[in-house]
Amino acid sequence: ILQAADHISFAEYPELAASLERQILFNGAISAEGLKTPYGVQVGRTLMAAGADSPAARAKAKAAAGADARMNGSDMPVVINSGSGNQGITVSIPVIEFAEASGASHDRLLRTLFVSNLLAIHQKRFIGKLSAFCGVVNAAAAAAAAITYLEGQPADVVEKTLINTLGTAGGIVCDGAKASCAAKIALSLDNAFMAKQMAEQKNVFLPGDGIVGDDVEATIRNVGRMAKEGMKSTDLEILLIMTGK
């Protein structure tokens, strides 16, 4: 994915470039709407009011605000990832925020969004279409890892960010699309940014630390196994709880 991002010519793939441009436009617009208008429990507005003096803080607030709007009545369009609007917001808004803060070129932004979207899709292919595993964890891991790429850090930092994120926040469950998704986005991004900081200091969870595998790919597969096979009964119990049975 990283090699492809380095070498892809968007002029040769105009539809891909157009999709990424729409993600910037539409997901940025619904994020702004969520900050402007009080939707749901106002996770994004709450975080922004608490202080947004860093790209990470603004990224959490803006991504959560997009979900606030989307989950609570806005009919504005969102460019998805892995079949999910909230995951689409999570893979894109943090990248856009960090790119703006660093003064990155538009071409670099597009390449980083390419990385973020594909890292999320790569993780989800082992999980499947639906699971009781909260997909914004994967999306947040992808976004933070992609931001290390944006900053020009080596591939091992990207890998360590993914491992650290998945090894920490792999227990957030999906209990349907609703207002609390915005809070789960903020929580997952907070964890992912911590994971990124750890990786930058060359700190990474070791194989055998819980579900952490021998490398990043093994860790991703382990999470997929847990989410796809191990959480089948969890999914059923959540449905029974939600339907009052």
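Before reading further, recall that the structure is shown in the block above.
Below or above, wherever it landed, is the structure these notes cover. A quick note: this is a predicted structure, and the numbers were derived from the prediction, not measured.

All right, on to the overall build of the protein chain then. Looking only at helices and strands, the protein chain features 11 helices and zero strands. For the protein chain, the succession of helices and strands along the chain, N to C, is α-α-α-α-α-α-α-α-α-α-α. Expected size for 245 residues packed as a compact globule is a radius of gyration near 18 Å; at 17 Å, the protein chain falls within 12% of this value. Overall, the C-alpha framework of the protein chain stretches about 55 × 45 × 35 Å when taken along its three principal axes. Sorting the 245 residues of the protein chain into buried and exposed places 48% on the buried side. Of the contacts formed within the protein chain by residues at least 6 apart in sequence, a portion of 76% connects residues at least 24 apart.

Let's shift gears to the packing of aromatic side chains. Applying the stated criterion across every chain yields a total of one aromatic pair. Judged by centre distance (5.5 Å) and plane angle (45 degrees), the rings of phenylalanine 98 and phenylalanine 193 are tilted. Here phenylalanine 98 is found in helix 5 (residues 85-102), whereas its partner phenylalanine 193 is found in helix 9 (residues 180-200), with 95 residues between them in sequence. With respect to burial, phenylalanine 98 and phenylalanine 193 carry one shared label: buried. The ring of tyrosine 149 carries arginine 108 above its face, with NZ or CZ at 4.2 Å from the centroid.

A surface patch of negative charge is lined by Glu159, Asp214, Asp215 and Glu217. When its relative accessible area of 32% is taken as the criterion, glutamate 217 is described as partly exposed.

With that settled, consider the environment of glycine 40. One can find glycine 40 in the loop between helix 2 (14-36) and helix 3 (43-50). Remark: the alpha-carbon pair of glycine 40 and alanine 182, spanning 142 residues in sequence, is separated by 9.3 Å.

So, about the environment of arginine 225. On the secondary structure map, arginine 225 appears in helix 10 (residues 216-230). Owing to a relative accessible area of 64%, arginine 225 belongs among the exposed residues under this scheme. It is 29 Å that separates the C-alpha atoms of arginine 225 and glutamine 153, two residues lying 72 residues apart in sequence.

Glancing now at the packing of helix 2 against helix 4 (residues 55-71). The contact between helix 2 and helix 4 brings their axes to 7 Å, and the two run at 85 degrees. As summarised for this structure, helix 2 and helix 4 are arranged roughly perpendicular, according to the angle between their axes. Contacts between helix 2 and helix 4 involve Ile30, Ser31, Glu33, Gly34 and Leu35 on the former and, on the latter, Ala61, Lys62, Ala63, Ala65, Gly66, Ala69 and Arg70. The residue inventory of the contact of helix 2 with helix 4, partitioned by class, reads six nonpolar, three polar and three charged.

Reading the values: the criteria
Residues numbered from 1 in each chain as written. Predicted model: local features only at pLDDT ≥ 70, side-chain atom pairs only at ≥ 80, totals over all residues. Heavy atoms only, no water. Helix = DSSP H or I, 4+ residues; strand = E, 2+ residues; numbered from the N terminus. Rg over C-alpha atoms; globule rule 2.2 N^0.38 Å. Buried < 20%, exposed > 50% of the residue type's maximum accessible area, 1.4 Å probe, protein only. Contact = heavy atoms within 4.5 Å. Phe/Tyr/Trp six-rings, centres within 6.5 Å; stacked < 30°, edge-to-face > 60°. Lys NZ or Arg CZ within 6 Å of the ring centre and 35° of its normal. Patch = residues over 30% accessible without salt bridge, like charges linked within 9 Å, V, L, I, M, F, W, Y side chains within 5 Å. Areas by Shrake-Rupley, 256 points an atom, 1.4 Å probe, with all protein chains shown as cover. Salt bridge = Lys/Arg side-chain N within 4 Å of Asp/Glu carboxyl O. Lys, Arg positive; Asp, Glu negative; His and termini not counted. Charge placed at Lys NZ, Arg CZ, Asp CG, Glu CD. Axes fitted to C-alpha atoms, helices over the stretch in contact; angles between N-to-C directions. Parallel < 35°, antiparallel > 145°, perpendicular 65-115°, else oblique. Nonpolar A, V, L, I, M, F, W, Y, C, P; charged D, E, K, R; others polar.

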